[in-house]
Amino acid sequence: MSQAPPNATGPLRTAPVPGDANDTRGRHFKQLLRSRAAVLGGSTAIFVAFVAVGLAVSPLYGVLAALVAALMTVVICFAVADSRAEDDFFRTYSEARGLRWDDEHGDVPPVTPLLRKGDKRRTDLELHGRWPNGFEGQLAHYTYTEVTRDSKGRRQETDYDFTVTLTEVPEVAPFLKELSAQRRAGFRFLDGAEDAFRSRQRVEHESEALDKRFEIFIDEDDDMNRALQVLEPSFVVWLSEHTPDDFAFECIAGTLCTAVRGHKGNAVELDELTEASVAVAARLREEATE
């Protein structure tokens, strides 16, 4: 992020951490390949595959089976190394940022449209703790799954991965029921036709840069002037030019959810998302309490 977000007390980067979740993967991979379990297990699998397939089919196929067994040993070691490296990163990152780390499967409350999407929803990782400006926040790797069936009735599942944050800004609830900035997905000349089928109000503003990047909505009962007060010039510039790629937010009844696509495992990207979340929360609180 090239510019500090408005209304934030300072960056979250208070201590060095590994750059990303892959930093220690190579070390773990080498250790696993040299481990007694990998050597004995891999050797046994290779020998059994060679003998069994070689006797049952032919020596040539026995060699191919042994190569497959060797490859599977390497793949398993790599997968385990990748998981351990990710644990290393998030353990160190959470300690450096003063957060609580939980890598168990869980879920986030379905309090915003993004968190209600799909037929199934889960989190694979959560970080909880205090952020700048006194906000208590949660950062999570979130996935929603859409279940469909093809022409033959076969079940298909499609996963959509996000890194999200959640924080409470209760002061905003009586000020605006909703303020959402979603990534622009369609052509702007279609806005009017699409709005005819929406109950929400589209927030019209004067920033071309913001309009190219986001579509902004409020609840059908919200006061448009209040939304425009939130979108003061410095906040508009920051939101349109200096937020993370694919950034979006939804504030519904005082609960703010921000999101970027993908499960982020990079310290810079996680810090940028959290700092952006604090900036949006602070701006909403500032305007709601004036």
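All of these numbers come straight from a predicted model, not from anything done at the bench.

Caption draft 1: How the structure looks around the sheet that holds strand β8 (residues 248–252). Read across the open sheet, the nine strands follow the order β1-β2-β3-β4-β9-β8-β5-β7-β6; overall the sheet is antiparallel. Strand pairing shows two members of the sheet lacking a second neighbour, β1 (99–102) and β6 (201–202), which therefore form its edges. As judged from the four bridges shared by β1 and strand β2 (residues 120–130), these two strands associate in the antiparallel manner. Looking at β2, one finds that leucine 99 is bridged to glycine 129. Strands β1, β2 and β3 (136–149) of the sheet are contacted by helix α3 (residues 59–97), whose axis makes an angle of about 155° with β1. Along the sheet face, helix α8 (residues 267–288) touches β3, β4 (155–168), β5 (178–183), β8 and β9 (255–261) and points at about 150° away from the line of β9.

Caption draft 2: Broad picture of the confidence of the model for the protein chain. Summarising the model, the protein chain shows a mean pLDDT of 84, and 89% of its residues fall at 70 or more. Here residues 186–197 scores under 50 on pLDDT; set against residues more than four positions off or in separate chains, the count is ten contacts.

Caption draft 3: Structural detail: the pairing of strand β7 (residues 214–218). Within β7, five of the five residues are buried, leaving the element largely enclosed by the surrounding structure. Residues Phe214, Ile216 and Ile218 point to one face of β7 and Glu215 and Phe217 to the other, with burial holding for every one of them. Two strands pair when backbone bridges link them, and β5 and β7 are joined in this way by five bridges, in the antiparallel orientation. Residue leucine 179 lies in a different strand from β7, and its bridge partner there is isoleucine 218. Judged from the two bridges that link them, β6 and β7 form a sheet pairing that is antiparallel. Directly across from arginine 202, in β7, lies its bridge partner phenylalanine 217.

Reading the values: rules and limits
- Residues numbered from 1 in each chain as written.
- Predicted model: local features only at pLDDT ≥ 70, side-chain atom pairs only at ≥ 80, totals over all residues.
- Heavy atoms only, no water.
- Pairing = 2+ DSSP bridges.
- Helix = DSSP H or I, 4+ residues; strand = E, 2+ residues; numbered from the N terminus.
- Contact = heavy atoms within 4.5 Å.
- Axes fitted to C-alpha atoms, helices over the stretch in contact; angles between N-to-C directions.
- pLDDT = per-residue confidence, 0-100.
- Buried < 20%, exposed > 50% of the residue type's maximum accessible area, 1.4 Å probe, protein only.

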